[in-house]
Every structure is written in C-alpha cells, then in structure tokens.
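# Commentary on secondary and tertiary structure
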Amino acid sequence: MKEINELNLPEDIHYSEDHEWAKVTGDTVLVGISDYAQDQLGDIVFVELPEVGDSFEAGDEFGTLESVKAVSELYIPIGGEVIAVNEELEDAPELVNQDPYSGWIIEIKPDDIGELEKLLDRDAYLEVLRGE
Amino acid sequence: MRYLPHTEADIKVMFDAIGVKDFEELFRTVPEACRYDRVMELPESKTEWSLDQYMGEVRSMMTVTPAHSVLIGAGRYRHHIPATIPNVMGRSEFLTAYTPYQPEMAQGTLQGLFEYQTLTARLLGVDVANASMYDGATGLAEALLMGLRVEKKKTRIALSTAIHPHFRDVVATYFQPTDYEIVELPSLEDGRTDLSRLGAEEGLAAVALQSPNFFGVVEDIEAAAAAVHEVGALCVACFSEPLAFGLFKSPGSCGADIVCGEGQSLGIPVSFGGPGLGMFGCRETFVRNMPGRLVGETKDLDGKRGYVLTLSTREQHIRREKATSNICSNQGICTLTAAMYMASLGGTGLRKLARLNYDKSEYLKKGLQEAGARCCFSAPTFNEFVVEFKHDFSKTRKKLVEQGIVAGLDLARFYPGFENRYLFCVTETVPKEVLDSVISEVKK
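Rules used throughout
Residues numbered from 1 in each chain as written. Chains lettered and ligands numbered in written order. Predicted model: local features only at pLDDT ≥ 70, side-chain atom pairs only at ≥ 80, totals over all residues. Helix = DSSP H or I, 4+ residues; strand = E, 2+ residues; numbered from the N terminus. Rg over C-alpha atoms; globule rule 2.2 N^0.38 Å. Buried ≥ 20, exposed ≤ 12 C-beta atoms within 10 Å, placed from the backbone. Contact = placed C-beta atoms within 7 Å. Pairing = 2+ DSSP bridges. Axes fitted to C-alpha atoms, helices over the stretch in contact; angles between N-to-C directions. pLDDT = per-residue confidence, 0-100. Core = buried A, V, L, I, M, F, W, Y, C linked by C-beta atoms within 7 Å. Nonpolar A, V, L, I, M, F, W, Y, C, P; charged D, E, K, R; others polar. Parallel < 35°, antiparallel > 145°, perpendicular 65-115°, else oblique. Left-handed = near helix turned anticlockwise from the far one by under 90°.

### Points about the overall build of chain B
Across its full length, chain B holds 13 helices and 15 strands. Here the C-alpha atoms of chain B give a radius of gyration of 24 Å, agreeing with the 22 Å that 2.2 N^0.38 yields for 444 residues. In terms of overall dimensions, chain B has C-alpha extents of about 75 × 60 × 50 Å along its principal axes. Residues classed as buried in chain B amount to 41% of the 444 residues present. A sequence separation of at least 24 residues applies to 74% of the contacts in chain B between residues at least 6 apart.

Written out as structure tokens, the structure is:
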C-alpha cells in the first residue's frame, strides 16, 4: 500500500469524501476513483457500469468495483445523466489500477455544475485521507 | 471432528472467563419478550435399549412402512440408491467435514464440489452451476431474487400455478417482507402453463415455470423461454425431478436463463421430506448475481492443479447486506452424494433409468385409462401423471393400502376443483405386479 505522500492526486480535479473524482471537460464531467481508492482496493477484476441514459443525484450509487478482496459501491460525486460509460473497462478493469485518472468510469451531463463547489480540492482531500 | 456437549464444569469456566453468573445473565441482552421463560418440558432421557424399543413401537403405529409400494412422488422420488453411494459417502472425510472450504485443508471435498458443479451444469444445460442451495424450493426463491437483481428496475415476477405448491409457498415467504409483486399464471387444458397473457403484463423481471411440472407434465420450455424473452424478462426453469433430463431436453439448452430445482432424486433418500439438494445454474453473463458458493479450478505456486472458492467477494461474509444472497453455505453431504450418483450412472445410465421410469409410468397411465379413469392432461409426462376417477377413489385407495400399496396423491388438497383427481408416480423401484394390482383394483 502507498503512503499518503506517494499518492498521485492531480490539482485540476475535484474529489469526494467517498474517494471518487470529477473532472470538467467542456459541458460534461468525467468521473472515476482516486489513486487512494484503487490502491486500497487492490487488483480490480470487474467493473459494473450503469447504462447510458441513467440519471443519478449526487451521492447515489451508480455501479460497483470488484477487486480480489472486496466489492465496493461507486457513489456519484455530482448529479446528472450518464452520457457515456468507459466500455474499455469491461475487458480491461485493470486500467483503473494502472492510471485511475485516464481510467475514467462514466461521463455525465451535470444537472447543476455548481454542485462541484461542494466537492474537495486536492489539499482538502489530503486532509480527509490524513484523518483516515 | 468430534461433537461433544459442554459439561457443567466447561460452562462454569466460560462463565467465569467472561464474568457472568448464569444463563439468565448471559442472555439478558435478548429482549424479555423473545425469551422462553417456562421450564422445557422434555421427557426423561432413555437408555439405548429402551429407545430402540420405543422406536419399534412408533414404527408399528405407522400405516405406511418401508415394505409398502408408494406410487406418490410430488417432489420426493423413491429411486434405487446403489450400495456404492452410501459406502463411499460414509467415509469420514466426506461425511463429517463441516463447511470445508479451506483450500489448504479440503482439496478432496472442494474437488468433489467442483465435479458436482461440472456434472450439474451438463445435466441442466447451463454455463455455470453453483455448489448447491438448501433445496429446490429455496433455490427457486433465490432464482427469482436473482432475476430482480439482474433486471434492477423491475419489481414484478410471474409464477406458473403448475409449480409445486410447496415451492410457491416458500417463494411467498421469501417475498412477503418485500415490495415485489408476484403474478400467477394459470395452466391450459393440456396441463402446460398459459403464457398467452404475458404480453399484457408490464415490468416483469422473471417468469418461472416448472418442468416436469407438479402435474408431471413436461412444459415446452423452448417456446416458453422465447415468449418470456419477448417481454424482456428472464426465464427461470425449475424442477423437482432432475431424472427427467435423462430423457427430455435440458432446460438450459431450451433457452432458460436460470435453472434450479430439487436434486433429491440423485442418490438421496426420501426420508421425511428432507434434507434436499438445491441445484442451481445460469448463463455465464449472470454469474456475479448468482447466489451461493462456487468452486473454481486453479494452479498453486508449483503449477499443480488445485481447487478454491471463487467469486467470494459477492457473498455475505465479505459484502454483508449487499451480498447476492444470505446463503453462504451449501448442502455438502447431499451435494457430494448427488455427484457420486451422477458419476456412477453416467450419461448412458441416466438415459436408461429415465427411460425405465417413463415406460413404467406410461404402462400404469394406459392401464388406468383402460380401467375407466380419465387422463386429465394431454401433454407428455415423465414419471408422474394426473388421472380423474369416475367414482370416489378414496375407498379403492384404502383397500390398496391394506394390500401394501399407496396409490396416488389426492390433488383436491392443493387445487380447488380437482376433486377425485390423483397424482401418480412410478419410478424404477415399483414392480410390474404392483402396477397390475392397482389397475385390477380400479377395474372392480
């Protein structure tokens, strides 16, 4: 397991306390899990994805990640409609381990982009991790 | 492993260790209303010889003894159990090992379970089979819950009324605390399930049929699966007599998505209605939603073949309330028994035995019809069928019991309007003379 100072936590994305991240890309938001989350889970062997067109409110469960150790729920950091899922993960779930930031999970069209303000920046997220 | 009760001294040591005075204090956290506050009225213990004598007395009071020929199936089937089965199963490594899932300790049992899964998958025509459920009825309830997990947004399921009434009762018990709705599908004149109104039902996650059904009738699973898929639901095919698949096409090969049922026929005695064996399999795409344990084959550090539990992350000891099921165990003894039975008979043996059941059953069906009874359903049957008698059959039945034959099950108990209709079962164990006696008694 990585030490906190070894974690890769980019500056340009928003983090949730559930260890998901959200990144604005034009009108849409990409969602994935943080380096901390993938490191804690260990080798990911299966990703259960939602369907395109599904709608969620911030904090809703939108899928699951199965590692060799456990199955974990995925919670959406910002409400909206799913406009794409990363289909590459169906055959290659290990992409999330290899790089959790290029290994995005879903792309959403947010209902209210302002919800991003409620999420954590890199420093605030680091504080949360130090508390765990 | 030995099973020894605690002595008073053992109990005192344990009480002292945790600092409680007595049982009263130990169970104080259990709400008062949930505790039994009276003295247990248990009879005095008996010596071994007086217990033997007592059991002998009870036996002599029973109307039906092991010497009787029983022409009733209805979920429990009297098949011959080859002497090799109890002999091999009697080995203590198989018989006394409780939940032996530690791969470093239990390669023999795990391999046995793996072989069971392989044989079951072939018999049922499914991609994957689990290491068993408790019995056919709970297997069906779990299959329907699985259907609702797969079809997440739906909240309704449909059940054929030709499914064993006890199976349907268990399903109702499982579903009672949920908000899911159960729709009942009636049967047609020929004894098969009526699927014509399926199109009018909305939001069905799964539709369940039994084949052969409770009336012994073989359902057209191929057509049913197509009709069920048409409305976007999963087709669940259950069974109470797996021997039928020695002769008829397996439910999986007919397009059923989940196949489940009772495996008692495969080397397990009828007993008093239990224990049973829940056989369960499905398409590979649904494997992560399948309840129960799964044994997989792997390689150890030296590259040698070995067996381990696989996909355990779905289960309750890891996933708690989010688990695919609350069954985290399996019917180890019955499962291994069934594996030994299937392996002993082989494909050819199963086919021959199934044929024998079918032929004997057809012999009685034809004979009863010639004796004046009416065959209620025109669809093909396996080793069970329903006939209706012109005159009150209960008197004839009583006479046959006196001759050592228990002939048929009165269906009016289960289905209103089925007065004087009886469900008969003939397995390989019933001699021809017995069938002739029944036919001639009906003729009188």
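The discussion continues.
### Some thoughts on the overall build of chain A
Assigned secondary structure in chain A consists of four helices and nine strands. Moving toward the C terminus, one meets the helices and strands of chain A in the order β-β-β-α-β-β-β-β-β-α-α-β-α. A compact globule built from 132 residues would reach a C-alpha radius of gyration of about 14 Å, and chain A, at 14 Å, matches this within 12%. Expressed along its principal axes, the backbone C-alpha trace of chain A runs to roughly 35 × 35 × 20 Å. Of all 132 residues assigned to chain A, the portion counted as buried reaches 35%.

### What to know about the sheet that holds strand β14 (residues 409-410) of chain B
Residues and elements named next belong to chain B. Sheet architecture is open: four strands sit in the order β11-β12-β15-β14, paired in antiparallel fashion. Two strands close off the open sheet at either side, each with one partner strand: β11 (374-375) and β14. Of the pairings in the sheet, the one linking strand β12 (residues 384-388) to strand β15 (residues 421-425) comprises five bridges and is antiparallel in character. Opposite Phe385, over in β15, you have Phe424 as the bridge partner. On top of the sheet, helix α11 (residues 332-370) reaches β11, β12 and β15; it is set at about 5° to β12, its chief contact.

### Description of the sheet that holds strand β6 (residues 234-239) of chain B
Strand order in the open sheet made by the seven strands is β2-β8-β7-β6-β5-β3-β4 (chain B), with mixed pairing throughout. Each of the sheet's edge strands pairs with one partner strand only, and the pair in question is β2 (128-129) and β4 (181-185) of chain B.

### Remarks on the environment of Phe114(B)
Residue and element names in this part refer to chain B. Examined against the element boundaries, Phe114 turns out to sit in helix α6 (residues 107-124). Spatially, the C-alpha atom of Phe114 lies 7.6 Å from that of Tyr307, the residues being 193 residues apart in sequence. With residues up to four places along the chain from it excluded, the contact list for Phe114 reads Val295, Glu297 and Tyr307.

### Some points on the confidence of the model for chain B
Taken as a whole, chain B shows an average pLDDT of 93; of its residues, 97% reach a score of 70 or greater. Among the prediction metrics, the complex's ipTM stands at 0.70, with pTM recorded as 0.86.

### Regarding the nonpolar core
Ranked by internal contacts, the top residues of the largest apolar core, which has 110 residues, are Leu71(B), Leu140(B), Leu144(B), Ala206(B), Ala208(B) and Val236(B). Apart from residues lying up to four places away in sequence, Leu71(B) is in contact with Ile405(B), Val406(B), Ala407(B), Gly408(B), Phe424(B), Cys425(B), Val426(B), Val430(B) and Val438(B). Counting residues in hydrophobic clusters, the runner-up holds 27 residues, among them Tyr15(A), Ala37(A), Val82(A) and Ile105(A).

### Some details on the pairing of strand β7 (residues 258-262) of chain B
Residues and elements named next belong to chain B. With five of five residues buried, β7 lies mostly within the body of the structure. Bridge count for β6 against β7 is four bridges, and the pairing is parallel. Along β7, the bridge assignment pairs Val236 with Ile258.

### Some remarks on the interface of chain A and chain B
Contact with chain A, which involves four residues of that partner, is made by five residues of chain B. Taken together, the residues that form the side of chain A that touches chain B break down as three nonpolar, no polar and one charged.

### Focus: the environment of Leu113(B)
All names here are of chain B. In this structure, Leu113 sits in helix α6. Residue classification places Leu113 among the buried residues on the basis of 26 C-beta atoms within 10 Å. Residues Leu113 and Phe382, 269 residues apart in the sequence, show an inter-C-alpha distance of 28 Å. In this structure, Leu113 is in contact with Ala131, Val295 and Thr335, ignoring residues within four places of it in sequence.

### Examining helix α1 (residues 8-18) of chain B
Counting buried positions along α1(B) yields zero of eleven residues, so the element is predominantly exposed. In the segment just after α1(B), Gly19(B) is the residue with positive phi, at about 75°.

### Some details on the packing of α11(B) against helix α13 (residues 432-443) of chain B
Residues and elements named next belong to chain B. Following both chains from N to C, one finds α11 and α13 inclined at 15°, their axes separated by 9 Å at the closest point. Relative to α13, the element α11 is oriented roughly parallel. The two elements α11 and α13 meet at a crossing, and its hand is right-handed. The segment α11 lies against α13, with Lys360, Tyr363, Leu364, Gly367 and Leu368 engaging Leu435, Val438, Ile439 and Val442. Class assignment for the residues of the contact of α11 with α13 results in seven nonpolar, one polar and one charged.

### Here we look at unusual backbone geometry
Residues and elements named next belong to chain B. Omega for the peptide link from Ser211 to Pro212 comes to -10°, which places this bond in the cis form. Within the secondary structure layout, Pro212 lies in the loop between β5 (204-210) and α9 (221-230). Of note, the bond from Gly274 into Pro275 is cis; its omega dihedral lies within 30 degrees of zero at 0°. Tracing the chain through its elements places Pro275 in the loop between β7 and β8 (278-282). Backbone geometry at Ala74 places phi at a positive 50°, although glycine is not the residue there. In this structure Ala74 comes out as buried when scored by C-beta crowding, with 20 C-beta atoms within 10 Å. Phi angles above zero are rare outside glycine, and Asn420 is one such case at about 65°. Relative to the helices and strands, Asn420 resides in the loop between β14 and β15. The partly exposed category is assigned to Asn420, around which 17 C-beta atoms lie within 10 Å.

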